[in-house]
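Close look at the chain arrangement
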Amino acid sequence: SGHTGFPFVDACMRCLHKHGWLNFRMRAMVVSFAVWNLWLDWKKIAPHLARLFLDFEPGIHYPQLQMQSGTTGINAMRVYNVTKQGKDQDSKGVFIRKYVPELQQVPNEHIHEPWKMPLQLQRKI
């Protein structure tokens, strides 16, 4: 639902819920996060994501989930650093602020890691 506490992951999931689409890098990162950070079995998240993706195609969806979860036997583990992905793909936090409005007042330097904001600034916002 987009409430992990990781701004870019949350923005991606909220965007997916609203529009039914994410680009490939965002899809890969969401699956990687679910499998490697939350320890969710790819087979359990596959049906949920299939319902969300407007462009769901089983012949692409399931192999991609297997690849991102490292179960194909031919691909290396794909563990995406979600903070780095956010900085690379949304450096100023425009996408994050659009889909995670509770972070709209967070300064750019903290948008990807709001937990690193000084406590005084957190209280102010």
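Residues numbered from 1 in each chain as written. Predicted model: local features only at pLDDT ≥ 70, side-chain atom pairs only at ≥ 80, totals over all residues. Heavy atoms only, no water.

Moving on, we get to the overall build of the protein chain. A tally of helices and strands in the protein chain yields seven helices and zero strands. Counting from the amino terminus, the protein chain carries its helices and strands in the arrangement α-α-α-α-α-α-α. The C-alpha atoms of the protein chain give a radius of gyration of 15 Å, which matches the 14 Å a tight globule of 125 residues would have. Each principal axis of the C-alpha distribution contributes one length, and for the protein chain these read about 50 × 30 × 20 Å. Going through the 125 residues of the protein chain one by one, you find that 45% of them count as buried. Nonlocal contacts in the protein chain, meaning residues at least 24 apart in sequence, comprise 53% of its contacts between residues at least 6 apart. Carbon and sulfur atoms provide 57% of the accessible area of the protein chain, an area that totals close to 7,400 Å². Taken as two groups, the 16 positive and 9 negative side-chain charges of the protein chain have centres that lie 2 Å from each other. (Helix = DSSP H or I, 4+ residues; strand = E, 2+ residues; numbered from the N terminus. Rg over C-alpha atoms; globule rule 2.2 N^0.38 Å. Buried < 20%, exposed > 50% of the residue type's maximum accessible area, 1.4 Å probe, protein only. Contact = heavy atoms within 4.5 Å. Areas by Shrake-Rupley, 256 points an atom, 1.4 Å probe, with all protein chains shown as cover. Lys, Arg positive; Asp, Glu negative; His and termini not counted. Charge placed at Lys NZ, Arg CZ, Asp CG, Glu CD.)

The next subject is the packing of helix α3 (residues 42-52) against helix α4 (residues 58-68). For the pair α3 and α4, interaxial distance at closest approach is 10 Å and the crossing angle is 140°. Relative to α4, α3 is oriented oblique. As α3 runs across α4, the sense of the crossing is right-handed. Taken together, the residues of α4 that come into contact with α3 (itself represented by W42, I45, A46, L49 and A50) are H61, Y62, L65 and Q66. Per-class residue counts for the contact of α3 with α4 are seven nonpolar, two polar and no charged. (Axes fitted to C-alpha atoms, helices over the stretch in contact; angles between N-to-C directions. Parallel < 35°, antiparallel > 145°, perpendicular 65-115°, else oblique. Left-handed = near helix turned anticlockwise from the far one by under 90°. Nonpolar A, V, L, I, M, F, W, Y, C, P; charged D, E, K, R; others polar.)

Bringing α3 into the picture now. Here α3 has its buried residues at W42, I45, A46, L49, A50 and L52. Projected onto a plane normal to the axis of α3, the buried residues spread over an arc of 150° and lie on a single side. Residues of α3 that are exposed and angled more than 90 degrees away from the buried face: K43, K44 and R51. In this structure, the buried residues of α3 make contact with α1 (7-19), α2 (24-37) and α4. (Arc of directions from axis to C-beta.)

Attention now goes to the nonpolar core. Ranked by size, the top nonpolar core spans 34 residues in total, and within it C12, M29, L49 and F95 carry the most contacts. Contributing elements (two or more residues each) for this core: α1, α2, α3 and α6 (94-99). Per-element tally for this core: the top contributor is α2, with nine residues. Not counting the four nearest positions on each side in its chain, C12 is found in contact with L22, M26, M29, V30 and F95. (Core = buried A, V, L, I, M, F, W, Y, C linked by side-chain atoms within 4.5 Å.)

With the rule as written, the count across this model stands at six aromatic pairs. Taking the centre distance of 5.3 Å and the plane angle of 65° together, the rings of F6 and F33 count as edge-to-face. Remark: F33 occurs in helix α2 and F6 occurs in the segment before α1; sequence separation between them is 27 residues. Accessibility expressed as a relative area gives 30% for F6, which makes it partly exposed. By relative accessible area, which is 3% here, F33 ends up buried. One aromatic cluster in this structure is built from F6, F33 and W115. Positioned above the aromatic ring of F53 is the side chain of R27, whose terminal nitrogen or guanidinium carbon lies 4.0 Å from the ring centre. (Phe/Tyr/Trp six-rings, centres within 6.5 Å; stacked < 30°, edge-to-face > 60°. Lys NZ or Arg CZ within 6 Å of the ring centre and 35° of its normal.)

Keep in mind these values describe shape, not function.
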